[in-house]
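As a plain string of letters, each chain reads:
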Amino acid sequence: MMKQFPEIDPSTIKQHPNLVASLPDDRDPNITFYFLVVDSYMLIANTTYFTNKRTGETKWLHHQIEFPKQGLLWYLDSLRTKFFKTEAEGGLPKGKFHDKAVIDGEQLKLERCFGLGADGRGGGYAFVTLDRKNERGFAKEYNFTDALLFEHGLIDVLDDIAAKIEAGVL
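Here the structure is a predicted model, which means the values were calculated and not measured. (Residues numbered from 1 in each chain as written. Predicted model: local features only at pLDDT ≥ 70, side-chain atom pairs only at ≥ 80, totals over all residues. Heavy atoms only, no water.)

(A) Main features of the pattern of salt bridges. Enumeration over the complete set of coordinates arrives at eight salt bridges. Ionic pairing is found between E106 and R132, a salt bridge with its closest N-O pair at 3.0 Å. Here the residue E106 occupies a position in strand β6 (residues 106–116), and R132 occupies one in strand β7 (residues 122–133), the gap between them amounting to 26 residues. Across this residue pair, the class does not change: E106 and R132 are buried. We note a salt bridge from D160 to K164, for which the minimum N-O separation is 3.3 Å. A residue pair is termed a helical-turn pair when its members lie 3 or 4 positions apart in one helix, as D160 and K164 do in helix α3 (residues 154–166) at four residues. When its relative accessible area of 39% is taken as the criterion, D160 is described as partly exposed. On the basis of relative accessible area, K164 is assigned to the partly exposed category, the value being 33%. Within this structure, E66, E106, R132 and K140 form a network of salt bridges that share partners. (Salt bridge = Lys/Arg side-chain N within 4 Å of Asp/Glu carboxyl O. Helix = DSSP H or I, 4+ residues; strand = E, 2+ residues; numbered from the N terminus. Buried < 20%, exposed > 50% of the residue type's maximum accessible area, 1.4 Å probe, protein only.)

Here you go:
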């Protein structure tokens, strides 16, 4: 049975006792990503304070995904061993743009994405939890641009969290 998590309160997430890291978004400085480790799970959430230009109404918007914390190690390993290598080197076969695994009883998927970024032409990756659904019934996922991952420090933040998970610190 998968542990279920309530939606994180975006107005108090900075004070959450399980917060292990945060990183501003590379595309929108009003968005921040938050990384939490709760028991044996990893949560990634983002928040932004949104103002409706038509009505002037303001409110917090947020999104979150949860998966077994060992899944973070799998996502990073898959990224490096399947996506960064050619088929001859043991990477994904030509034309395949995703990798799946079952980690601690949950189906996870790493997927190459296209059409991300401010110009709608950049690439990136999606962390997907196939067993957890959003409010519309679709698998929960998070898309990260290549720029956020490799130029703006997300891969370093994730590597640091993964090292602490492996060391038993988190």
